Amino acid sequence: MKKSAAVVLEELREDHRNMSLMLNLLERESNRIYEGKEPDYELLGDVMHYMTVYPDAVHHPKEDRLYAELRAFRPDLSVGFERITMDHRHIAELSVKLRNEIAAINSGNPIKRNAVVADALRYVNTLRGHMQWEELDLFRRVDEMISEGHISFDSATFAHNHDPVFGPEVEQNFGRLLSSIRALSPAC
Ligand SMILES: [Fe+2]
Ligand SMILES: [Fe+2]
């Protein structure tokens, strides 16, 4: 199955916009914990659930494929991107750790709040830095690959799951999360 590389790139850029909104929400609630206020732990749990089922499971593997394509067709343009797959693995580990900590709090287990704040802010900063690197570098290299004639590639190995929050259908458990995102960013 062939897919337009430009369409894939636009999907990835849109995912980044959506992930940034999630990170804003995560940062806002983490700051509430830091300030000694009561955060919305249920919402934090929803954000981290989303991060593990969409960005980690669909978005990053798609980028790994895009990078493999770049390396296969334009090895000259892929220099410096060897660590991207490792970065994705590291980010997924941070996601699971944070998701589990928040789930533990929501189940009434004692977890040090400061540790959650530190892990949440580390996660926000790591993912923001990673996305910026991709947008300013990887995606531009792919733009170059496209403009030089490599306009489509095999998408058979992509995970084709729709985004459960911003996709055509909002999954039942994510309705509240989408409302919170819209309250923060009315344009969504
Ligand atoms: Fe990535
Ligand atoms: Fe990305």
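Residues numbered from 1 in each chain as written. Chains lettered and ligands numbered in written order. Predicted model: local features only at pLDDT ≥ 70, side-chain atom pairs only at ≥ 80, totals over all residues. Heavy atoms only, no water.

S.K.: Got a sec to walk through the coordination of the iron ion (ligand 2)? Specific residues and values, please.
M.R.: Coordination angles at a metal have ideal targets, namely 109.5 degrees for four tetrahedral donors and 90 or 180 degrees for six octahedral donors. Protein ligation of the iron ion (ligand 2) involves His-16 (NE2), His-59 (NE2), Glu-63 (OE) and Glu-134 (OE), the donor distances falling in the range 1.9 to 2.2 Å. For the iron ion (ligand 2), the 4 donor atoms in the first shell make angles of 79 to 171° at the metal, so the coordination geometry reads as irregular. When the donors of the iron ion (ligand 2) are listed by position in the chain, the intervening gaps give H-x42-H-x3-E-x70-E. Between the iron ion (ligand 2) and the iron ion (ligand 1), the interatomic distance is 3.1 Å, and Glu-63 donates to each metal, bridging them. With His-59 in helix H3 (residues 55-73) and Glu-134 in helix H5 (residues 113-147), the pair connects residues that are 75 residues apart, well separated along the chain. A relative accessible area of 0% means that His-59 is categorised as buried. Judged by relative accessible area, Glu-134 falls into the buried class, the value being 0%. (Donors = N, O, S within 2.8 Å, 3.2 Å for Na, K, Ca; no water. Tetrahedral: all angles 85-135°; square planar, octahedral: opposite > 155°, others 65-115°. Helix = DSSP H or I, 4+ residues; strand = E, 2+ residues; numbered from the N terminus. Buried < 20%, exposed > 50% of the residue type's maximum accessible area, 1.4 Å probe, protein only.)

S.K.: Which residues make up H5, and what values do they have?
M.R.: For H5, spanning 35 residues, the distance from its first C-alpha to its last is 49 Å, which sits close to the expected 51 Å at 1.5 Å a residue. A bend of about 40° at Glu-134 is the largest found in H5. Gly-149 occupies a position one or two residues after H5 and carries a positive phi of about 110°. (Expected span 1.5 Å × (residues − 1). Bend = angle between axes of the 7 residues up to and from the residue.)

S.K.: Explain the coordination of the iron ion (ligand 1) to me, using residue names and the numbers behind them.
M.R.: Protein coordination of the iron ion (ligand 1) is provided by Glu-63 (OE), His-88 (NE2), His-130 (NE2) and Glu-134 (OE), with donor distances spanning 1.9 to 2.2 Å. Bound by 4 donor atoms, the iron ion (ligand 1) shows angles of 84 to 171° at the metal and therefore irregular coordination geometry. Positions of the donor residues of the iron ion (ligand 1), expressed as sequence spacing, correspond to E-x24-H-x41-H-x3-E. Residue Glu-63 is classed as buried on the basis of its relative accessible area of 0%.

S.K.: Outline the pattern of salt bridges, listing residues and values.
M.R.: Going through the model one piece at a time under the given rule, you end up with 17 salt bridges. Salt-bridge contacts for Arg-65 lead to Glu-69; the nearest nitrogen and oxygen are separated by 3.8 Å. One end of the pair is Arg-65 and the other is Glu-69, both in helix H3 and 4 residues apart, which spans about a single turn. Residues participating in the shared-partner salt-bridge network are Lys-97, Glu-101, Asp-119 and Arg-122. (Salt bridge = Lys/Arg side-chain N within 4 Å of Asp/Glu carboxyl O.)

S.K.: I'd love a proper account of helix H2 (residues 41-53), names of residues and values included.
M.R.: Its 13 residues give H2 an end-to-end C-alpha distance of 18 Å, which sits within 8% of 18 Å, the value for a rise of 1.5 Å per residue. Taken across its 13 residues, H2 has 10 buried, putting it largely inside the fold. Listed as buried for H2 are Tyr-41, Leu-43, Leu-44, Gly-45, Asp-46, Val-47, Met-48, Tyr-50, Met-51 and Thr-52. Those residues of H2 that are buried are in contact with helix H1 (5-34), H3, helix H4 (84-106), H5 and helix H6 (175-184). (Contact = heavy atoms within 4.5 Å.)

S.K.: Please set out the packing of H2 against H6 residue by residue, giving values where relevant.
M.R.: A packed helix pair is summarised by two numbers, namely the angle formed by the two axes and the spacing between the axes. The interhelical angle for the contact between H2 and H6, taken along N-to-C directions, is 100°, at an axis separation of 10 Å. In terms of their interaxial angle, H2 and H6 are classed as roughly perpendicular. Where H2 abuts H6, its residues Glu-42, Leu-43, Asp-46, Val-47 and Tyr-50 lie against Arg-176, Leu-177 and Ser-180. In terms of residue class, the contact of H2 with H6 is built from 4 nonpolar, 1 polar and 3 charged. (Axes fitted to C-alpha atoms, helices over the stretch in contact; angles between N-to-C directions. Parallel < 35°, antiparallel > 145°, perpendicular 65-115°, else oblique. Nonpolar A, V, L, I, M, F, W, Y, C, P; charged D, E, K, R; others polar.)

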